[in-house]
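# Summary of structural features
Spelled out from the first residue to the last, the chains are:
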Amino acid sequence: FEKDYVSQIKQLLHNFPPEHVNKEGTKFWSGPKRCPQVPAFSLDDPLHKSYIVNAAALFAFAWGVTMPADAADSAALAGVLSSLSIP
């Protein structure tokens, strides 16, 4: 999640800040290009939780690992995620 939805957006905003103007003098983030917002991960957001659970299921399937029965349980997932260090 951090790599796909936070780090890449932060890098894009570093290269093209919201007030960036191109060579023609027009704002870079205009028309069809909308300035992205950096999302904050929240296990309370069903979309974020679903992303983590389904990504884990795909990796488990690819490596032939059985998913734990409580993989989709919010409390168990919060316990595992809280022990991780995100660089």
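Here is what the cut-offs are and how they apply
- Residues numbered from 1 in each chain as written.
- Predicted model: local features only at pLDDT ≥ 70, side-chain atom pairs only at ≥ 80, totals over all residues.
- Heavy atoms only, no water.
- Helix = DSSP H or I, 4+ residues; strand = E, 2+ residues; numbered from the N terminus.
- Rg over C-alpha atoms; globule rule 2.2 N^0.38 Å.
- Areas by Shrake-Rupley, 256 points an atom, 1.4 Å probe, with all protein chains shown as cover.
- Lys, Arg positive; Asp, Glu negative; His and termini not counted.
- Charge placed at Lys NZ, Arg CZ, Asp CG, Glu CD.
- Phe/Tyr/Trp six-rings, centres within 6.5 Å; stacked < 30°, edge-to-face > 60°.
- Buried < 20%, exposed > 50% of the residue type's maximum accessible area, 1.4 Å probe, protein only.
- Axes fitted to C-alpha atoms, helices over the stretch in contact; angles between N-to-C directions.
- Parallel < 35°, antiparallel > 145°, perpendicular 65-115°, else oblique.
- Contact = heavy atoms within 4.5 Å.
- Nonpolar A, V, L, I, M, F, W, Y, C, P; charged D, E, K, R; others polar.
- Salt bridge = Lys/Arg side-chain N within 4 Å of Asp/Glu carboxyl O.
- Polar contact = N/O pair within 3.5 Å; in protein donor to acceptor, adjacent residues only side chain to side chain.

Secondary structure assignment for the protein yields 3 helices and 0 strands. Counting from the amino terminus, helix and strand elements in the protein follow one another as α-α-α. Its C-alpha atoms give the protein a radius of gyration of 18 Å, clearly above 12 Å, the size a compact globule of 87 residues would have. Total accessible area on the protein is roughly 6,800 Å²; 62% of this is exposed by carbon and sulfur atoms. A gap of 13 Å separates the mean positions of the 7 positive and 8 negative side-chain charges of the protein.

What the rule picks out here adds up to 6 aromatic pairs. Plain terms: the ring middles of F16 and F28 are 4.2 Å apart, the flat faces sit at 10 degrees to each other, and that makes the pair stacked. Taken together, the residues span a long stretch of sequence, with F16 in the loop between α1 (2-15) and α2 (46-63) and F28 in the loop between α1 and α2 at a distance of 12 residues. Of the residues examined, F28 reaches a relative accessible area of 16% and is grouped as buried.

With that settled, consider the packing of α2 against helix α3 (residues 74-82). Closest axis-to-axis distance for the α2/α3 pair is 12 Å, and the angle between their directions is 75 degrees. By the criterion of interaxial angle, the relationship of α2 to α3 is roughly perpendicular. Contacts from K49, I52 and V53 in α2 reach S74, L77 and L81 in α3. Here the residues of the contact of α2 with α3 sort into 4 nonpolar, 1 polar and 1 charged.

Here the focus is the side chain of K49. Structurally, the position occupied by K49 is in helix α2. For the buried K49, no salt bridge is present, and the opposite-charge side chain at shortest range is D73, 6.4 Å distant. Among the polar contacts listed, one links the side chain of K49 to the side chain of S74, at a separation of 2.9 Å. Once residues within four sequence positions are removed from consideration, K49 is found in contact with L43, A72, S74 and L77.

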